[in-house]
Structures are given as structure tokens and as C-alpha cells.
Amino acid sequence: MKLIQILGTGCSKCDCLKKNVEQAVVQSNADAKVEKVTDITKITSFGVMMTPALAIDGEVKVVGKVPSPDEIAKLLA
């Protein structure tokens with residue numbers, strides 16, 4: 001099971017990223033757990049200075065933008 005983490009403090013872009021991630025998980029039929037990380041200390045521990053960001057299995061894949069569900073599905077493949 002993949003761990004997908006949405007890193008952000010709760011802005012509208014972070015919410016949009018969460019929706020896109022959930023769509024991508026369904027679309028790609030991935031076995032994944034989606035987690036939202038809002039604690040700024042945890043976010044910076046990933047080395048992220050700009051949100052929203054997306055981490056898959058602890059590895060930051062996207063920073064500062066909201067990828068489409070299709071782009072996220074490719075990262076899950």
C-alpha cells in the first residue's frame with residue numbers, strides 16, 4: 001500500500017490537491033492511503049518550503065502546484 005501525503009496548511013489549493021489525489025487513486029485503482037499533513041514542522045521536515053506539496057511513500061514528488069488527477073495517477077504507477 002502506498003502512502004500519499006498532501007502537505008499544506010489548509011489553503012484552497014491544498015483542498016484541490018486532495019480532491020485530485022482521491023480522484024487519481026480511484027482512477028488508477030491504486031492501493032493507497034491518503035493523509036493530509038498540516039503541521040508546519042512536519043511539512044518542513046520534508047524539505048518543503050512552498051505548499052501545496054505531494055509526497056508518495058515519503059518522497060516529495062510535487063511542490064508549489066496542483067497536478068491534475070492524470071498527472072498524479074502517472075506518479076502512482
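Residues numbered from 1 in each chain as written. Predicted model: local features only at pLDDT ≥ 70, side-chain atom pairs only at ≥ 80, totals over all residues. Heavy atoms only, no water.

Identification of the protein as Thioredoxin-like fold domain-containing protein from Crateriforma conspicua is taken from an unreviewed UniProt entry.

**Focus: the overall build of the protein**
Broken down by element type, the protein carries 3 helices and 4 strands. Beginning at the N terminus, the succession of helices and strands in the protein can be written as β-α-β-α-β-β-α. For 77 residues, the compact-globule formula gives about 11 Å, and the C-alpha radius of gyration of the protein, at 11 Å, lands near that figure. Taken along its principal axes, the extent of the C-alpha atoms in the protein is 30 × 25 × 15 Å. Split into buried and exposed, the 77 residues of the protein put 34% on the buried side. Across the protein, the fraction of contacts at a sequence separation of at least 24, relative to all contacts at a separation of at least 6, is 66%. For the protein, the exposed surface amounts to about 4400 Å²; the carbon and sulfur share of it is 51%. Averaging the locations of the 10 positively and 9 negatively charged side chains of the protein gives two centres separated by 3 Å. (Helix = DSSP H or I, 4+ residues; strand = E, 2+ residues; numbered from the N terminus. Rg over C-alpha atoms; globule rule 2.2 N^0.38 Å. Buried < 20%, exposed > 50% of the residue type's maximum accessible area, 1.4 Å probe, protein only. Contact = heavy atoms within 4.5 Å. Areas by Shrake-Rupley, 256 points an atom, 1.4 Å probe, with all protein chains shown as cover. Lys, Arg positive; Asp, Glu negative; His and termini not counted. Charge placed at Lys NZ, Arg CZ, Asp CG, Glu CD.)

**Focus: unusual backbone geometry**
The residue after threonine 51, namely proline 52, is reached through a cis peptide bond having omega 0 degrees. Considering the arrangement of structural elements, one finds proline 52 in the loop between helix 2 (40-45) and strand 3 (53-56). In the Ramachandran plot, asparagine 29 falls in the positive-phi region, its phi being about 55 degrees despite a non-glycine side chain. Despite not being glycine, aspartate 57 shows a phi value in the positive range, around 50 degrees. Mapped onto the elements of the fold, aspartate 57 is located in the loop between strand 3 and strand 4 (59-63). Taking the relative accessible area as the measure of exposure, aspartate 57 reaches 46% and is therefore partly exposed.

**Description of the UniProt feature "active site" (unreviewed entry) in the protein**
Summarizing the sequence annotation, UniProt attributes the feature "active site" (unreviewed entry) to Cys11 and Cys14 in the numbering used throughout. Along the chain, cysteine 11 turns up in the loop between strand 1 (2-7) and helix 1 (12-28). When its relative accessible area of 29% is taken as the criterion, cysteine 11 is described as partly exposed. Checked against the element boundaries, cysteine 14 lands in helix 1. (UniProt positions renumbered as here; feature names shortened; annotations may be inferred.)

**A few points about the environment of threonine 38**
Within the fold, threonine 38 resides in the loop between strand 2 (32-37) and helix 2. Along the backbone, threonine 38 and cysteine 14 are 24 residues apart, and their C-alpha atoms lie at a distance of 9.7 Å.

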